[in-house]
Amino acid sequence: MGVQLPPSAEPAAIDSCFIIPEEHRPKTAHNEYISSRGEEVPVIDLEHLRSEDDGRRRRAIAAIGDACEHWGFFQVTNHGVPPALIDEVKAQARRFFELPLEEKRRVRRTFENVYGYYESELTKNVRDWKELFDYGPKPRPDLRDDAPENVTLDGHNQWPEAPPGFRATMENWFSAMERLGRDVLHGISASLGLPPTEFDPHYANHSSFVRLNYYRPCPNPALTLGVNRHYDAGALTIVGQDGEVGGLQVQKGGEWVGIEPRRDAFVINIGDMMQVWSNGKYKSPLHRVVVNESRARFSVPFFYNPAYSTDVAPVPQLLSAGQQPAYRPINWGDFRSKRAKGDYADFGEEVQIAHYAL
Ligand SMILES: O=C(O)CCC(=O)C(=O)O
Ligand SMILES: [Fe+2]
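For every chain, the first residue of the written sequence is number 1, and numbering continues from 1 along that sequence. Whichever chain is written first is A, and whichever ligand is written first is 1; the rest continue in order. For a predicted model such as this one, the threshold for reporting local features is a pLDDT of at least 70, and the threshold for listing and counting side-chain atom pairs is 80 or more; totals across whole chains, interfaces and linings nevertheless cover every residue. The basis for the side-chain values is all heavy atoms of the structure; hydrogens and waters are excluded.

Participant: Any chance you could explain the pattern of salt bridges here in plain terms?
Facilitator: Should their charged atoms come close, side chains of opposite charge can pair. Salt-bridge detection follows one rule: a side-chain nitrogen of Lys or Arg within 4 Å of a carboxyl oxygen of Asp or Glu. Tallying each qualifying case throughout the model produces 25 salt bridges. The salt bridge involving Glu-22 is made with Arg-25; its shortest N-O contact spans 3.7 Å. Residue classification places Glu-22 among the exposed positions, given a relative accessible area of 54%. Each of Glu-98, Lys-104, Glu-131 and Arg-216 takes part in one network of salt bridges that share partners. Burial status follows relative accessibility: with a 1.4 Å probe on protein chains alone, a residue under 20% of its type maximum counts as buried, one over 50% as exposed, and anything between as partly exposed.

Here is the structure:
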């Protein structure tokens, strides 16, 4: 006798534009955070980086190096970002994403201006199960957002009228992320055996931006992804995670491992440009976001990237005598614009750093 499933056990239908090919569908749930080998993404106390105690500082730097080599991901605690600001950003983002669609579309991003609201980002040419809002630096805060001085290669910031105070909160957040980005970058640089300030000259006119991500509950999370598998193109990403709802996963040893959401931590991952600078010692990790049936998830990555004019190449001091660089120089602005095109439409294979390997 056949077993009759109750109707509620039938998988719910979702629009086909969100459905990803069978072999890339998620098998690891949003709330699994330990690998089959019992490993977890390392957590590093940033306080130790500021310590007067040499031994402590060296151990923290070594832990960063180890995490960058073996995971490409780590979490940082004692990061110095005020908890009240973190709560405010989450509350403002939630208020914004809960606005009616027509309201959000008033600040919709366009092909010419990547900043603003977007509800249909494509990663690997499938639609991601999420909404986002991007904004970037404002070199001249005293001038209008669309003044020529504030228009970059990416466009200019567009701010919604509601919720009240949204813009001020997000501008404070940008400054807090610049400070944290610099601290983490110094730690990573030191972990490579370089002066902590090695990369600072490339950051005078940095091209960093903030993304607010909102992942609604999904009736069939097994068929889709919040963000499909990808490498971050830039140097360094700092992710403020939803303190409760997990979903971010990194691939390690052929297995997808979830990153535990912690209220007291930021998630750091390195990107393609750091892989090139380190001559492949540090690996830009493949990662993705899975969604779930019952709870919305919020995240706020800060992509801490060098100036667009930067030619990124393996740092010569990291090459031992006679060793050849593994990559030819990559102009960051050029690489970024090629990669970004894949966000809008199917332009065929996305540009990857493998194309620059020597
Ligand atoms: O939502 C997250 O935790 C991370 C999203 C992500 O990987 C990205 O936006 O590049
Ligand atoms: Fe990412």
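Participant: How should the coordination of the iron ion (ligand 2) be read in this particular structure?
Facilitator: Ideal coordination angles are 109.5 degrees for a metal with four donors arranged tetrahedrally and 90 or 180 degrees for a metal with six donors arranged octahedrally. Looking at the iron ion (ligand 2), one finds its protein donor set to be His-230 (NE2), Asp-232 (OD) and His-287 (NE2), positioned 2.1 to 2.2 Å from the metal centre. Only nitrogen, oxygen and sulfur atoms count as donors, using a 2.8 Å cut-off from the metal that widens to 3.2 Å for Na, K and Ca. Water is left out, so coordination shells may look unfilled. Read in sequence order, the donor residues for the iron ion (ligand 2) give the motif H-x1-D-x54-H. The burial state of His-230 is the same as that of Asp-232; both residues are buried.

Participant: Would you mind showing me how to read the UniProt feature "domain: Fe2OG dioxygenase" (unreviewed entry) in the protein chain here?
Facilitator: UniProt positions are given in the numbering used here, feature names are shortened, and annotations may be inferred rather than shown by experiment. Mapped onto the present numbering, the UniProt feature "domain: Fe2OG dioxygenase" (unreviewed entry) falls at residues 206-306. Between the first and last C-alpha atoms of residues 206-306 the distance is 5 Å; the span itself is 6% helix and 42% strand. Numbering of helices and strands runs from the N terminus, with a helix taken as a DSSP run of H or I at least four residues long and a strand as a DSSP run of E at least two residues long.

Participant: I tried to follow the sheet that holds strand 12 (residues 266-270) on my own but got confused; where do I start?
Facilitator: In this analysis, strands are considered paired if DSSP registers two or more bridges between them. Pairing is mixed across the open sheet formed by eight strands, whose spatial order is 1-2-12-9-14-7-6-3. Either end of the sheet is taken by a strand with one partner, and the two such strands are strand 1 (43-45) and strand 3 (116-118). This sheet shows a mean twist of 25° between the axes of neighbouring strands, independent of strand direction. As paired elements, strand 2 (residues 73-77) and strand 12 share four bridges and run antiparallel to each other. Among the inter-strand pairings, Phe-74 is bridged to a residue of strand 12, identified as Ile-268. In the packing of helix 2 (residues 83-97) onto the sheet, the strands contacted are strand 3, strand 6 (131-135), strand 7 (209-215), strand 9 (236-241), strand 12 and strand 14 (297-304), and the crossing angle to strand 7 comes to about 60°. Here an angle of 0 to 180 degrees is reported between the N-to-C directions of two axes, which are lines fitted to C-alpha atoms, with helices fitted over the stretch in contact. Contacts are assigned to residue pairs with any non-hydrogen atoms lying within 4.5 Å of each other.

Participant: Is there a simple way to think about the packing of aromatic side chains in this case?
Facilitator: Any aromatic ring pair is given by two values, namely how distant the centres are and how the planes are angled relative to each other. For Phe, Tyr and Trp, rings pair up if their centres lie within 6.5 Å, where Trp contributes its six-membered ring, and each pair is then called stacked (planes under 30 degrees apart), edge-to-face (over 60) or tilted (otherwise). One pass over the structure, following the stated rule, counts 20 aromatic pairs. Relative to Trp-159, the ring of Phe-133 has its centre 5.9 Å away and its plane inclined at 40°; by these criteria the two rings are tilted. Note that Phe-133 is positioned in strand 6 and Trp-159 in the loop between strand 6 and helix 4 (166-191), a separation of 26 residues in sequence. As far as the burial class goes, Phe-133 and Trp-159 line up, both buried. Aromatic side chains Tyr-135 and Trp-159 sit 5.0 Å apart centroid to centroid with 55° between the ring planes, which places their arrangement in the tilted category. Separated by 24 residues along the polypeptide, Tyr-135 in strand 6 and Trp-159 in the loop between strand 6 and helix 4 bring together distant segments of the chain. Since its relative accessible area comes to 1%, Tyr-135 is described here as buried. Look at Trp-159 and you get buried, because its relative accessible area is 14%.

Participant: Is there a simple way to explain unusual backbone geometry in this structure?
Facilitator: It is generally the case that most residues other than glycine have a negative phi and that most peptide bonds are trans. In this structure, Pro-163 follows Ala-162 across a cis peptide bond, with omega equal to -5°. If you trace the backbone, Pro-163 turns up in the loop between strand 6 and helix 4. Even without a glycine there, the phi angle at Asn-78 is positive, about 50°. We note that Asn-279 has phi near 55°; this positive angle belongs to a residue other than glycine. As for its position among the elements, Asn-279 is in the loop between helix 5 (272-277) and strand 13 (287-289). We classify Asn-279 as buried; its relative accessible area is 12%.

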